[in-house]
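As a plain string of letters, each chain reads:
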2 protein chains.
Amino acid sequence: MRVELLTVGDELLLGDTINGNAAWLGRRLADHGVEVTRSVVVGDEPDVIVAAVESALDRADAVITTGGLGPTYDDVTRDALAKAAGVDLVRDPALERRLRERVARAGRELQPMALRMADVPEGARLLANSAGSAPGLRVELPGGVAYALPGVPFEMRTIMDEVVLPELAETAGLPSVARRTLRTARLWESVIATRLAEVEAMDGVKLAYLPDPAEVKIRITVAGRDAAERLAGVESRVRELLGPSVYGVEDESLGLVVHRLLLDRGETVATAESLTGGLIGAELTATPGSSGTYAGGMVTYATDLKRRLLGVPGELLAEHGAVHPDVAAGMAAGARDALGATYGLAVTGVAGPDPQDGRPVGTVYIGLAGPGGSLTVAGPKLPVPGTGPEIRAVIRRMTVVHALELLRRRLLGLDVADESGEARADREDRG
Amino acid sequence: MRVELLTVGDELLLGDTINGNAAWLGRRLADHGVEVTRSVVVGDEPDVIVAAVESALDRADAVITTGGLGPTYDDVTRDALAKAAGVDLVRDPALERRLRERVARAGRELQPMALRMADVPEGARLLANSAGSAPGLRVELPGGVAYALPGVPFEMRTIMDEVVLPELAETAGLPSVARRTLRTARLWESVIATRLAEVEAMDGVKLAYLPDPAEVKIRITVAGRDAAERLAGVESRVRELLGPSVYGVEDESLGLVVHRLLLDRGETVATAESLTGGLIGAELTATPGSSGTYAGGMVTYATDLKRRLLGVPGELLAEHGAVHPDVAAGMAAGARDALGATYGLAVTGVAGPDPQDGRPVGTVYIGLAGPGGSLTVAGPKLPVPGTGPEIRAVIRRMTVVHALELLRRRLLGLDVADESGEARADREDRG
């Protein structure tokens, strides 16, 4: 079954909003064996939407639209679908009543323009929206079916999961495609691609590389008979070829993986952050239940706070500045002790765009203090990606990944040095 | 001048990657008076790319493609453009030499498959890529011009800014459209739209609403003669109608705005975070130079750390748990004093998906301690958006916005209560 996506909204063409809905839909549909063959964005113009719906249904069996079902003037998807179907927009009294009740329950006033959400193309089926005001719409058209969903992400996802996906999956049948995404940290994309060349060459196997700062996700797709069994064999071989750099699968973030490892061991971690400003703590606390493994942390942004709150020696800071492996080590031990955790994980470095303390942009030191006084310090040389203001965000993100990966490898007893030699473990098990 | 965007990549259709490039391109082109009329995503299939390029040039003057210029097997844009132009791919010896030199300088090995990046459709012009390996391509086709750019964001942006935009802007001429984006915090989208109804009704004025958790951006577009002057008048009226909820313009984040206000006053802030885990510190440190206004913070995730590190009374925590206005107040004063800042900003609450300490999901208390012992505590009732795992991330994000907005209003001497009455200032200037 072939489906196209049509996202409606000027703000998407103007780049004010990134198209997260299309990404989510593509993923969800693929997981249910429905192939998305094209994804189009058009503006809030009824005639353009009509033309795009019609050409989508020339090529595919169904089109899913998002956006344009709200209460404001630029919401014109209902109008466009009525036009495409050659019918009128008709007020639905039951829907109007539900809208009025919903607004009253929330203690808010009904805006008259919001009643447009009770207009429905004649003959369309309403798709119940348990998460919001406007229902979705299912409209039969000459070339196929159009499913129109709200643009608000959690409303769209709710209607998809509860109503549309079950209907599409039923029509599509069982998938003859099996997929698996492996997540790696700290390896270069081209190094991975070279190692996996033999896998790429296998019949019916497709690899896609999805890079992020310091992380590459590899999506393995196997098509054909026995796709699921063959996928298991392919995954096995990929893991063999990539070694311990594979840290998880699918949506398992590094924070989640670290949380699970600590939980299994009944251990906790505390953080001491400088350049990352709180991003490591934020990553660790994104997982529900992380209070079982994350004690808390310090953001010692000002240099003197590293001394005052974490006990890093003042002479060390005075002589070398804040960006030094011994400072990372001191911060890590200080966090572990001050917050009473099993491990202390610390980062100090230069995020850019300017150098600091005589150190170039991308210089980062990560300290990991464990039980019994053990210490590991790594100093990945983070490459400077161009010269724009994005440097700061990219280096901060890379530092979060490198820090959590160091902890993960330590917990698993793996070699902490990077395969590419980029991360050096300067110190091990120093008392 | 009308331009369409064509983003190439299976990972985009499958939802593994969100289309940040198209958003950036849309924004950049709009700022230069070039209208993006459609944005399409197709997979890594040469024939599909050819068809999409051709139909784009049926409708528009130029098409900008991103993706598919890398060194791996799924990079097929060169092949597609050669096919669309009816020419062969030809090895460019100078380009091959530069590729070899570049790789050698980085101390890495040249992967043989990377040499595909030295193949060029015959007759195409290379677009210099000062930020990466593969050049962009400019290919003349029957319906117009195709600009092919790499998918790596900073490489794509570099080539656009340095080569393509100047060329397009020259062809497009001066814009007769003026735009301005205003940023608001804590107001509901439909409340804003209702207040701005008179503006919406003005000739040649278009408003777009771009909601995020707790923030709505309003893009004002004025078209026609004297667009820039008329825009100034429209912006003025919108600010009048929305009052102090407008905190900034264009890309000015709340973190940046707060940083500037503190810098002007020679003041600093320290943070004490619980449910947000470090996100407020991360937001404040995203701005270069924030070390001048952000001292640092504590992530007191475990309840007892609120007592040990911030001095929140143990009896208070024992009686009421961690989610209480007095706890927020104590954390704020504790952070201010422990880190030696002018202000202490603290948050405690329930991010979900489960209730905590007998408090429902979305209960949040924000404490702001200032000079001379002044205290403000707000308790916005954050609405629970559905029941999925997104709750946690949305509530954390909303809390960051509400906390920074409280500080901003305090610094500006504005009323800290929300217009909608959703945020209550429970306490003011308590010694």
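Residues numbered from 1 in each chain as written. Chains lettered and ligands numbered in written order. Predicted model: local features only at pLDDT ≥ 70, side-chain atom pairs only at ≥ 80, totals over all residues. Heavy atoms only, no water.

Novice: Would you mind showing me how to read the interface of chain B and chain A here?
Specialist: One frequently used descriptor of interface size is the decrease in accessible area upon assembly of the parts. Contact residues are listed per partner, giving 80 residues for chain B and 80 residues for chain A. Both faces considered, chain B and chain A share a buried interface measuring about 6,400 Å² in area, 57% of it formed by carbon and sulfur atoms. Among the ionic pairs, R27 of chain B bridges to D16 of chain A, the shortest N-O distance being 3.4 Å. Run the count over chain B and chain A and you get 28 residue pairs in polar contact (both at pLDDT 80 or more). (Contact = heavy atoms within 4.5 Å. Buried area = accessible area lost by both parts, 1.4 Å probe. Salt bridge = Lys/Arg side-chain N within 4 Å of Asp/Glu carboxyl O. Polar contact = N/O pair within 3.5 Å; in protein donor to acceptor, adjacent residues only side chain to side chain.)

Novice: Explain the side chain of R336 of chain A to me, please; I cannot follow it from the model alone.
Specialist: Following the sequence through the fold, R336 of chain A ends up in helix α14 (residues 325-339). Apart from residues no more than four positions distant in its own chain, R336 of chain A is found in contact with A341, T342, Y343, G344, A369, G370, G373 and S374 of chain A. (Helix = DSSP H or I, 4+ residues; strand = E, 2+ residues; numbered from the N terminus.)

Novice: So what exactly am I meant to see when it comes to the domain arrangement of chain A here?
Specialist: Assigned domains of chain A: these are domain 1 (2-172), domain 2 (177-249) and domain 3 (254-412). Relative placement of domain 1 of chain A and domain 2 of chain A: their C-alpha centres are 35 Å apart. (Domains from an automatic or database assignment.)

Novice: Any chance you could explain helix α4 (residues 77-85) of chain A here in plain terms?
Specialist: It helps to recall that an α-helix has 3.6 residues per turn; residues three or four apart then point in one direction. Among the residues of α4 of chain A, those classed as buried are T77, R78, A80, L81, A82 and A84 of chain A. Looking one or two residues beyond α4 of chain A, the residue adopting positive phi is G86 of chain A, at roughly 70°. (Buried < 20%, exposed > 50% of the residue type's maximum accessible area, 1.4 Å probe, protein only.)

Novice: Quick question: what am I supposed to make of the relation of the copies chain B and chain A here?
Specialist: Both copies of the chain are placed relative to one another by a rotation about an axis and a shift along it. The two copies are related by a screw motion: chain B maps onto chain A through a turn of 180° and a shift of 0.1 Å along the axis, at an RMSD of 0.1 Å. The transformation relating the two chain copies, once decomposed into turn and shift, fits a two-fold axis. When you check the interface residues of chain B against chain A, 100% turn up at the interface there too, and the contact is symmetric in its surfaces. (Least-squares fit on C-alpha atoms with pLDDT ≥ 70 in both.)

Novice: Mind showing me how you'd approach the nonpolar core here?
Specialist: One broad rule of soluble globular proteins: the nonpolar side chains tend to lie buried together. With 58 residues, the main nonpolar core has L6, I49 and V53 of chain A together with L6, I49 and V53 of chain B as its most contacted residues. When near neighbours in sequence (up to four residues on either side) are disregarded, V53 of chain A contacts L6, V63, T65, L81 and L141 of chain A. Core analysis: the second largest hydrophobic core is formed by 43 residues, A295 and M298 of chain A together with L305 and L310 of chain B among them. (Core = buried A, V, L, I, M, F, W, Y, C linked by side-chain atoms within 4.5 Å.)

Novice: In this structure, what is going on with the pattern of salt bridges? I would like to understand it.
Specialist: Should their charged atoms come close, side chains of opposite charge can pair. For the structure shown, the criterion picks out 53 salt bridges over all chains. When the shortest N-O distance is used, the salt bridge between D251 of chain B and R27 of chain B registers 3.4 Å. Placement of the pair is D251 of chain B in the loop between β12 (246-249) and α10 (254-265) and R27 of chain B in helix α2 (residues 20-31), with a sequence separation of 224 residues. D251 of chain B sits in the exposed class, given a relative accessible area of 56%. One salt bridge in this structure joins E405 of chain B and R408 of chain B, with 2.8 Å as the shortest N-O distance. Taken together, the positions of E405 of chain B and R408 of chain B, both in helix α15 (residues 390-412) and three residues apart, correspond to about one turn of that helix. Taken as a pair, E405 of chain B and R408 of chain B share a single burial class, namely buried. In the salt-bridge network here, residues are joined through shared partners; they are D16 of chain A together with R27, R219 and D251 of chain B.

Novice: Looking at this structure, how should I read the confidence of the model for chain A?
Specialist: In low-pLDDT regions, the fine details of the predicted coordinates are not to be read closely. All names here are of chain A. Looking at chain A, pLDDT values average 88 and 94% of them are 70 or higher. Taken as a whole, residues 420-431 scores under 50 in pLDDT and shows 33 contacts with residues more than four places along the chain or in a different chain. In the model output, the complex is listed with pTM 0.73 alongside ipTM 0.71. (pLDDT = per-residue confidence, 0-100.)

Novice: What is the right way to read the pairing of strand β1 (residues 2-8) of chain A from this model?
Specialist: Residues in a regular strand point their side chains to alternate faces of the sheet. Residue and element names in this part refer to chain A. β1 sits mainly inside the fold: six of its seven residues count as buried. Where β1 meets strand β2 (residues 35-42), seven bridges bridge the pair, whose relative direction is parallel. Considered in β2, the bridge of V8 is made with V42. Strand direction decides the pairing type here: β1 and strand β3 (residues 62-66), joined by five bridges, are parallel. Directly across from L6, in β3, lies its bridge partner T65. (Pairing = 2+ DSSP bridges.)

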